[in-house]
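Survey of secondary and tertiary structure
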Amino acid sequence: MKVCIIGGGPSALFLAVLLKSRGTADEILVLEQNPKDATYGFGVALAESAIDKLNESEPTSMKALQEKMYFIPSQVIENDQGAFTLDFAAQGGAITRLDILTVLEQRCRDLGIEVVHERRIDDLSEFDDYDVIVGADGANSVVRSANESEFGTQRNTRGNYFVWWGCAHPKHESGLRFRSYKNSSIMIHYYAYTPEMWTVVGEVEEQCWFDLGMDKMTNAERKAMFEEAFDDVFEGRPMIENKSNWNQFEAIKNERWSVGNRVLIGDALYRAHFSIGSGTRLAMEDALGLADALAASPDDIPAALAAYEEKGKPKKEKLMAATVQSYTWYENVHEKLGMPVLDFIQDYMDRTGRMPADRLKMFVPNFVAAQEQQAS
Ligand SMILES: Cc1cc2nc3c(=O)[nH]c(=O)nc-3n(C[C@H](O)[C@H](O)[C@H](O)COP(=O)(O)OP(=O)(O)OC[C@H]3O[C@@H](n4cnc5c(N)ncnc54)[C@H](O)[C@@H]3O)c2cc1C
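An account of the accompanying structure is given in this report. (Residues numbered from 1 in each chain as written. Predicted model: local features only at pLDDT ≥ 70, side-chain atom pairs only at ≥ 80, totals over all residues.)

Next up on the list: the nonpolar core. Counting residues in each nonpolar core, the largest one holds 90 residues, and the members touching the most others are I5, L15, A16, V30, V134, I265 and A287. It is helix 10 (residues 279–296) that provides the largest number of residues to this core, a total of nine residues. Dropping the residues within four chain positions of it, A16 is found in contact with I5, I28, V30, C108 and I113. Counting nine residues, the second largest nonpolar core, distinct from the first, contains I77, L86, M349 and F367. (Core = buried A, V, L, I, M, F, W, Y, C linked by C-beta atoms within 7 Å. Buried ≥ 20, exposed ≤ 12 C-beta atoms within 10 Å, placed from the backbone. Helix = DSSP H or I, 4+ residues; strand = E, 2+ residues; numbered from the N terminus. Contact = placed C-beta atoms within 7 Å.)

The structure is reproduced here in structure tokens:
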């Protein structure tokens, strides 16, 4: 089987590794527009449960990724009424995006897979002789946009504005802090991904963006505003920028996952909101789903692509529903800043309906103990 993969992000590289290591495809070409070792962003969070699942399918890559991960033991959640530190019983971790790419690309090289950098693809016709063309080219996928009506692409631009920064951190905690600020509400979500560095996501509700005059500010002024508002957290350390542009999130989904021999995975297929922290895991799980389907029907590609969609869709729909609930919660958080902090955290935990009481007790026992103590 000859497979051409457009994009060289986590989903693309993981798919290439799976197809080659299992002997499903003998010819694999990966085409990435960015130079080698260049990437946007800082670190991404990966939950331990996600790693366990992917581990079974590709232990070599996953072991190397785990060695590069930085595990986060606790998270502070704050609103105007106070703050509480959740101690995690299950380990969650984060990793530098560049490390994910470096580990997976090294594994590709070890398996003899060709990864071509600095090759932006705008016209797919030169790949007509490939059995499968995979769009692993992220949120602005050209594979998807070339056949958008056939894929049944749906887009939904959300209200809140957000940005992604780095920061040399003074503490190892991760945190979610929501504050009233000049009659508006602003928030940061930060987590350590190395012993020295935090990823920081800054966010404001749409109305606050205008009320605070952020629409007229430069990026430097917006950054300065956040540095000042959260100075007690950052302790004077500046935000570090890397293509750190403020945007509104565009949720994307597709009615159909393949058109002919063109198939989508990762952010090109569905774009989960960053507040559920699963984009990278979902992208890698898509790669696994597609690799499994192609391995099961290597001589019948249409059947394999149909099976990929049929098997993957129900779970993906559930996650996308969680995404909608999560960004809707963030879009209305100003209503909750006056809640007692433990009630606020419970509300946050309940926002996607995926954290029943027994799971919550297992995941953050000290929070449940504090609630019980307060009630008694
Ligand atoms: C603010 C923010 C915070 C996030 N935090 C987290 C987090 O904590 N945890 C998490 O798991 N996820 C997080 N994500 C999401 C995560 O970054 C993505 O979900 C994940 O990277 C998707 O992987 P992918 O392989 O599908 O696409 P991408 O990682 O986007 O990779 C696509 C690749 O394709 C290349 N490409 C695009 N077009 C072309 C073309 N025409 N020709 C050649 N190459 C092309 C791009 O250069 C890119 O390298 C966050 C995202 C944002 C915006």
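With that out of the way, let us pick up the packing of helix 3 (residues 59–68) against helix 4 (residues 97–110). Where helix 3 contacts helix 4, the two axes come as close as 10 Å, and the packing angle between them is 150 degrees. As far as their axial angle goes, helix 4 and helix 3 are roughly antiparallel. Considering only the axes of helix 3 and helix 4, their crossing is right-handed. Contact residues: T60, S61, A64, L65 and K68 in helix 3; D99, I100, V103, L104 and R107 in helix 4. Its residues placed into classes, the contact of helix 3 with helix 4 shows five nonpolar, two polar and three charged. (Axes fitted to C-alpha atoms, helices over the stretch in contact; angles between N-to-C directions. Parallel < 35°, antiparallel > 145°, perpendicular 65-115°, else oblique. Left-handed = near helix turned anticlockwise from the far one by under 90°. Nonpolar A, V, L, I, M, F, W, Y, C, P; charged D, E, K, R; others polar.)

We now examine the environment of Y330. Locating Y330 in the fold gives a position in helix 11 (residues 301–331). What makes Y330 buried here is the crowd of 22 C-beta atoms within 10 Å. As for Y330 and E27, which are separated by 303 residues in sequence, their C-alpha atoms are 45 Å apart. Setting aside its immediate chain neighbours within four residues, Y330 contacts N160, E203 and S275.

A few words now on the site of the ligand. The ligand sits among 31 residues. The nearest are G7, G9, G138, G266 and G279. Every element with two or more residues in the shell around the ligand is listed here: helix 1 (10–21), strand 3 (43–47), strand 8 (153–168) and helix 10. When residues in the shell around the ligand are grouped by element, the largest group, four residues, is from helix 10. (Near = placed C-beta within 6 Å.)

What follows is about the environment of L294. Tracing the sequence through the fold places L294 in helix 10. The buried category is assigned to L294, around which 27 C-beta atoms lie within 10 Å. In sequence terms L294 and E228 are 66 residues apart; their C-alpha atoms lie 52 Å from each other. With sequence-adjacent residues up to four places away left out, L294 is seen in contact with L19, T24 and A304.

With mixed pairing, the six strands of this open sheet are ordered in space as 6-2-1-7-14-13. At either margin of the open sheet sits one strand with a lone partner, and together these are strand 6 (114–116) and strand 13 (258–259). In this structure, strand 2 (residues 27–31) lies alongside strand 6, joined through three bridges in parallel fashion. By the bridge assignment for strand 6, L31 is matched with V116. In this fold helix 1 packs onto strand 1 (2–6), strand 2 and strand 7 (132–135), with an angle of close to 170 degrees to the strand it touches most, strand 2. (Pairing = 2+ DSSP bridges.)

What follows is about the pairing of strand 1. Counting buried positions over the five residues of strand 1 gives four, a clear majority of the element. Looking at chain direction, strand 1 and strand 2 are connected through five bridges and run parallel. Paired with C4 across the two strands is L29, which belongs to strand 2. Taking the sense of rotation as the criterion, the β-α-β connection linking strand 1, helix 1 and strand 2 turns out right-handed. (Right-handed = clockwise from strand over helix to strand, strands pointing away.)

Another point: the environment of I72. Among the structural elements, I72 can be located in strand 4 (residues 70–79). With 18 C-beta atoms packed within 10 Å, I72 lands in the partly exposed category. Taking the C-alpha atoms as reference points, I72 and G92, separated by 20 residues in sequence, lie 5.7 Å from one another. Look past the residues within four positions of I72 in its chain and what remains in contact with it is G92, G93, A94, S174, Y191 and A192.

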